[in-house]
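Descriptive structure summary
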Amino acid sequence: MKERPYYRTIVVSDIHLGTTHSKVNQISDFLSRVDCGRLILNGDIIDGWHLQKSGISKWKAEHTHFFKIIMKMMEKHGTEIIYVRGNHDDFLDNLAPLQFANLTITKDYILESNGKHYFVTHGDVFDKVTTSMKWLAKLGDIGYTLLLWLNSQYNRYRVRKGKPYYSLSQAIKQKVKSAVSYISDFENVLVDFAKSRQCEGVICGHIHHPENRMIDQIHYLNSGDWVETMSALTEDENGEWKVIYYTELEQQATKPEENNVILLIPIAS
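Residues numbered from 1 in each chain as written. Predicted model: local features only at pLDDT ≥ 70, side-chain atom pairs only at ≥ 80, totals over all residues. Heavy atoms only, no water.

The name given to the protein in an unreviewed UniProt entry is UDP-2,3-diacylglucosamine diphosphatase, with the source organism recorded as Phocaeicola plebeius.

Here the focus is the packing of aromatic side chains. Applying the stated criterion across every chain, the model contains seven aromatic pairs. Judged by centre distance (5.9 Å) and plane angle (25 degrees), the ring pair of Phe30 and Trp226 falls under stacked. Of the two residues, Phe30 sits in helix 1 (residues 24-32) while Trp226 sits in the loop between strand 10 (218-222) and strand 11 (231-235), which places them 196 residues apart along the sequence. Neither residue differs from the other here; Phe30 and Trp226 are each classed as buried. Look at Trp226 and Tyr246: their rings are 6.1 Å apart centre to centre, the planes differ by 65 degrees, and that puts the pair in the edge-to-face class. Placement of the pair is Trp226 in the loop between strand 10 and strand 11 and Tyr246 in helix 8 (residues 246-253), with a sequence separation of 20 residues. As far as the burial class goes, Trp226 and Tyr246 line up, both buried. Among the aromatic residues, ring-to-ring pairing joins Phe30, Trp226 and Tyr246 into one connected group. (Phe/Tyr/Trp six-rings, centres within 6.5 Å; stacked < 30°, edge-to-face > 60°. Helix = DSSP H or I, 4+ residues; strand = E, 2+ residues; numbered from the N terminus. Buried < 20%, exposed > 50% of the residue type's maximum accessible area, 1.4 Å probe, protein only.)

Right, let's get into the nonpolar core. Val12, Phe30, Leu31, Leu39, Phe66 and Trp226 are the most contacted members of the largest nonpolar core, which totals 32 residues. Examining the composition of this core, we find that five residues originate from one element, helix 3 (residues 61-77), more than from any other. If we skip the residues at most four places from it in the chain, Val12 touches Ile27, Leu39, Ile40, Leu41, Asn42, Ile45, Ser223, Trp226 and Ala232. Counting 14 residues, the second-largest nonpolar core is a separate cluster that includes Val191, Cys199, Val202 and Ile215. (Core = buried A, V, L, I, M, F, W, Y, C linked by side-chain atoms within 4.5 Å. Contact = heavy atoms within 4.5 Å.)

Our next topic: the sheet that holds strand 1 (residues 6-12). The strand order across the open sheet formed by seven strands is 4-5-3-2-1-11-12, and the pairing between neighbours is mixed. Lying at the two open borders of the sheet, with one neighbouring strand each, are strand 4 (98-100) and strand 12 (241-245). Direction aside, neighbouring strands of the sheet carry axes that sit 20 degrees apart on average. The strands touched by helix 3 within the sheet are strand 2 (35-42), strand 3 (80-84) and strand 5 (103-106), with strand 2 carrying the most contacts at an inclination of about 140 degrees. (Pairing = 2+ DSSP bridges. Axes fitted to C-alpha atoms, helices over the stretch in contact; angles between N-to-C directions.)

This brings us to the confidence of the model for the protein. Close inspection of predicted coordinates is inappropriate for parts of the model with low pLDDT. Taken as a whole, the protein shows an average pLDDT of 83; of its residues, 78% reach a score of 70 or greater. Considering only residues more than four positions removed or in separate chains, one finds that residues 258-269, a stretch of pLDDT under 50, has 30 contacts. (pLDDT = per-residue confidence, 0-100.)

Right, let's get into the packing of helix 1 against helix 3. Between helix 1 and helix 3, whose axes approach to 9 Å, the crossing angle comes to 15 degrees. On the basis of the axis angle, helix 1 is roughly parallel to helix 3. Between helix 1 and helix 3 lies a crossing of left-handed hand. Residues Val24, Asn25, Ile27, Ser28, Leu31 and Ser32 of helix 1 pack against Glu62, His63, His65, Phe66, Ile69, Ile70 and Met73 of helix 3. For the contact of helix 1 with helix 3, the class distribution of residues is seven nonpolar, five polar and one charged. (Parallel < 35°, antiparallel > 145°, perpendicular 65-115°, else oblique. Left-handed = near helix turned anticlockwise from the far one by under 90°. Nonpolar A, V, L, I, M, F, W, Y, C, P; charged D, E, K, R; others polar.)

All right, on to the sheet that holds strand 6 (residues 109-113) then. Reading across the sheet, the five strands line up as 6-7-8-10-9 and stay open at both edges, with mixed pairing between neighbours. Of all strands in the sheet, those bounded by a partner on one side alone are strand 6 and strand 9 (211-215). When the angles between neighbouring strand axes are averaged without regard to direction, this sheet yields 20 degrees. Where strand 7 (residues 116-120) and strand 8 (residues 201-204) come together, three bridges link them in parallel fashion. Within the sheet, the bridge partner assigned to Phe119 lies in strand 8 and is Val202.

Our next topic: the pattern of salt bridges. Under the criterion given, the structure shown has ten salt bridges. Between Asp93 and Arg85 there is a salt bridge, with its nearest N and O atoms 2.9 Å apart. On the accessibility criterion, Asp93 (30% relative accessible area) is partly exposed. We classify Arg85 as buried; its relative accessible area is 10%. Across the salt bridge formed by Glu187 and Arg213, the nearest N and O atoms sit 2.6 Å from each other. Note that Glu187 is positioned in helix 7 (residues 177-196) and Arg213 in strand 9, a separation of 26 residues in sequence. By relative accessible area, Arg213 is classed as partly exposed at 35%. (Salt bridge = Lys/Arg side-chain N within 4 Å of Asp/Glu carboxyl O.)

This is how it looks when you write it as structure tokens:
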């Protein structure tokens, strides 16, 4: 039998359900193989921008299946679900704040972990492009979609060659000076805001760049995404945070069994 990992908290963001580049099957597989006390859906889970533009026909059965897994976690395991709105699912502004049973929909959230307070936000409200120049953000979204298309074509080639998934789009962005500067500025703004809220840490998404590090004495955590990196944040029962990658977990699961037990070991960033 496989041992199911248990986490106190799991944070995922930027799944972008409704788009062709969403790795919905992978995130569904990941969540169906773990247990957690709290699941934070940290924004851009549903891509309302894309659905508004392309129509409801882009909503597939696998997208509905994802939410069925969430409901099963709530009903069978009592998992607390916290849905923090993002810029692509900003239609939730009409609902937030809302609390029903073990489901909370909110614009931001304060998470307490081992005596430390983490400010949880998708992060778009700290991005001048998405807040002040929404038209420019949507124009940039077109370019980003083309980059993701290139990423998918490259990975189809890798699959044919028997090679594992590789985020070409992430590699390209990390080589572009303006993108690196944008990420750094974004991180620093979030850190400064966490300080102003007297929090010891901040948990965000939005920029599709997973991270787990200290910045100026603030614990900065970014959950990454499920269109490029397929990454999530996990907090164990001792309050230790890690970035884990679906590709790494998949490799662990396919290794030969030892003592008839397969352990899924989270990989630190």
